[in-house]
Amino acid sequence: MITLGFWFVVIMTIAAAVVVVGSRNLVYSAVGLFFTLFGIAGLYVFLWADFMAGVQVMVYVGGILVLILFGIMLTHRISSVNISHTGLQRSLGALVAMVILFGLTYLIQNTPWKWVAGIEPESTTYEIGTLIMTDYLLPFEVASVLLLAALIGAAVLSRKNP
Amino acid sequence: MDQLQTYLIVAAILFSLGLFAVMTRRNAVAVLMGIELILNAANINFLAFARFGGMNISGQVFSLFVIVMAAAEAAVALAIVINIFNNFKSINIDEVNQLSR
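As the structure is a prediction and not an experimental result, all values here were calculated from the model.

**Overview of the overall build of chain A**
A tally of helices and strands in chain A yields 7 helices and 0 strands. Seen in sequence order, chain A has helices and strands lined up from the N terminus as α-α-α-α-α-α-α. Taking 162 residues into account, the globule formula puts the C-alpha radius of gyration at 15 Å, and chain A, at 20 Å, lies well above it. Viewed in the frame of its principal axes, chain A has a C-alpha envelope of about 55 × 40 × 30 Å. Counted over contacts in chain A with a minimum sequence separation of 6, partners at least 24 positions apart contribute 58%. For chain A, the accessible surface area stands at approximately 9900 Å², while carbon and sulfur atoms represent 75% of it.

**Examining a nonpolar patch on the surface**
All names here are of chain A. Together, Val19, Val27, Tyr28, Val31, Phe34, Phe35 and Phe38 make up a nonpolar patch on the protein surface, roughly 590 Å² of accessible area in all. Ranked by residues supplied to the nonpolar patch, first place goes to helix α2 (residues 26-46) with 6 residues. Note that Phe38 resides in helix α2.

**Let's talk about the domain arrangement of chain A**
Partitioning chain A into structural domains gives domain 1 (1-78) and domain 2 (122-162). Each of domain 1 of chain A and domain 2 of chain A was reduced to a C-alpha centroid, and the two centroids are 22 Å apart.

**Details of the nonpolar core**
The nonpolar side chains of soluble globular proteins are, as a tendency, buried together. If you look at the biggest cluster of nonpolar residues, it comprises 71 residues, and the most contacted ones within it are Leu33(A), Leu43(A), Ile68(A), Tyr7(B), Val29(B), Met33(B) and Leu37(B). Both domain 1 (1-78) and domain 2 (122-162) of chain A contribute no fewer than three residues apiece to this core. In this structure, Ile68(A) is in contact with Leu33(A), Val29(B), Met33(B), Glu36(B) and Leu78(B), ignoring residues within four places of it in sequence.

**Some details on the packing of aromatic side chains**
How two aromatic rings sit relative to each other is given by the distance of their centres and the angle of their planes. One pass over the structure, following the stated rule, counts 9 aromatic pairs over all chains. Taken together, a centroid distance of 5.6 Å and an interplanar angle of 50° make the contact between Trp113(A) and Phe49(B) tilted. Taken as a pair, Trp113(A) in the loop between α5 (87-110) and α6 (125-133) and Phe49(B) in helix α2 (residues 28-52) lie in two separate chains rather than in one. On the accessibility criterion, Trp113(A) (28% relative accessible area) is partly exposed. Looking at Phe49(B), the relative accessible area reads 37%, which means it is partly exposed. Pairwise contacts between aromatic rings join Phe6(A), Trp7(A), Phe46(A), Trp115(A), Tyr7(B) and Phe52(B) into one cluster. Across from the ring centre of Trp48(A), 3.9 Å away, lies the NZ or CZ of Arg51(B), which sits over that ring.

**A word on helix α1 (residues 4-24) of chain B**
Over its 21 residues, α1(B) extends 31 Å from the first C-alpha to the last, a length consistent with the 30 Å expected when each residue adds 1.5 Å. Within α1(B), 17 of the 21 residues are buried, leaving the element largely enclosed by the surrounding structure.

**Let's talk about the side chain of Asn43(B)**
Among the secondary structure elements, Asn43(B) is positioned in helix α2. Leave out the neighbours within four places in its chain, and Asn43(B) touches Tyr44(A), Ser63(B), Val66(B) and Ile67(B).

**Description of helix α1 (residues 2-22) of chain A**
With 21 residues, α1(A) extends 30 Å from end C-alpha to end C-alpha; this agrees with the ideal 30 Å at 1.5 Å per step. Turning to α1(A), the residues buried within the fold contact α2 of chain A together with α1 and α2 of chain B.

**Observations regarding the interface of chain B and chain A**
With 69 residues of chain B at the interface, the matching set in chain A holds 80 residues. Approximately 6900 Å² of surface area, both sides summed, lies buried where chain B meets chain A, with 78% of it carried by carbon and sulfur atoms. At the boundary of chain B and chain A, one finds 0 salt bridges. Between the two partners, chain B and chain A, sit 10 residue pairs in polar contact (both at pLDDT 80 or more). Elements supplying a minimum of two residues to the side of chain B that touches chain A: α1, α2 and α3 (57-88) of chain B. Considering each element in turn, the side of chain B that touches chain A owes the most residues, 24 residues, to α3(B). Residues that form the side of chain B that touches chain A fall into these classes: 46 nonpolar, 16 polar and 7 charged.

What counts, and at which threshold
- Residues numbered from 1 in each chain as written.
- Chains lettered and ligands numbered in written order.
- Predicted model: local features only at pLDDT ≥ 70, side-chain atom pairs only at ≥ 80, totals over all residues.
- Heavy atoms only, no water.
- Helix = DSSP H or I, 4+ residues; strand = E, 2+ residues; numbered from the N terminus.
- Rg over C-alpha atoms; globule rule 2.2 N^0.38 Å.
- Contact = heavy atoms within 4.5 Å.
- Areas by Shrake-Rupley, 256 points an atom, 1.4 Å probe, with all protein chains shown as cover.
- Patch = residues over 30% accessible without salt bridge, like charges linked within 9 Å, V, L, I, M, F, W, Y side chains within 5 Å.
- Salt bridge = Lys/Arg side-chain N within 4 Å of Asp/Glu carboxyl O.
- Domains from an automatic or database assignment.
- Core = buried A, V, L, I, M, F, W, Y, C linked by side-chain atoms within 4.5 Å.
- Buried < 20%, exposed > 50% of the residue type's maximum accessible area, 1.4 Å probe, protein only.
- Phe/Tyr/Trp six-rings, centres within 6.5 Å; stacked < 30°, edge-to-face > 60°.
- Lys NZ or Arg CZ within 6 Å of the ring centre and 35° of its normal.
- Expected span 1.5 Å × (residues − 1).
- Buried area = accessible area lost by both parts, 1.4 Å probe.
- Polar contact = N/O pair within 3.5 Å; in protein donor to acceptor, adjacent residues only side chain to side chain.
- Nonpolar A, V, L, I, M, F, W, Y, C, P; charged D, E, K, R; others polar.

Structure representation (structure tokens):
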């Protein structure tokens, strides 16, 4: 049953990602991105990262996706909807992506990975909080400054006459 | 589902799709969506190695920082895209070859 759920999540994630990449209508791409991000949050749950799954849903689905939808709405014009790809560019891009995908798959399948099964933890939130407040205190503070800078920068950049 | 390789291959597929979007899409917002896919693929790898490396929480903290960076990047990038649209009346990134006009 759990295995079935896992494969359902995997197939939903990849199918939605194909819609994101292939759809000509940007709104369809955004809806596909919604399902992809939810599927990735599901994969995080299978990876025993419950806190990260919550963060993924809140930040990506609740924040970044809404931001991208605003971007689509604010830059939406009839003439800019169907920006067509040239066939050559598309096939060359597909070729490069396929070569990289097959190379990575070959590498992953042929590497003798050493991994341990591990024990499923009760919750990871406590450990993450402890690590952030001890070992990763400086990156944590730098991240807050980065977010402040991004906030001010985005506000200044998106004014009509900066 | 208890295999490291499965997660790595899912992440590789997502990475290739994101790379394809970055290389071929001409709409700047669609390129941004491709970048989000690539960042998420990297995050899946971090968490997979964290779990199969003996439940090492440091990997999860690192993917948390990746998400923070992705949020900042999305905000600034969309502000730039909106600015480009106001200046050029188009977000076809093939046409945008000047910083201002």
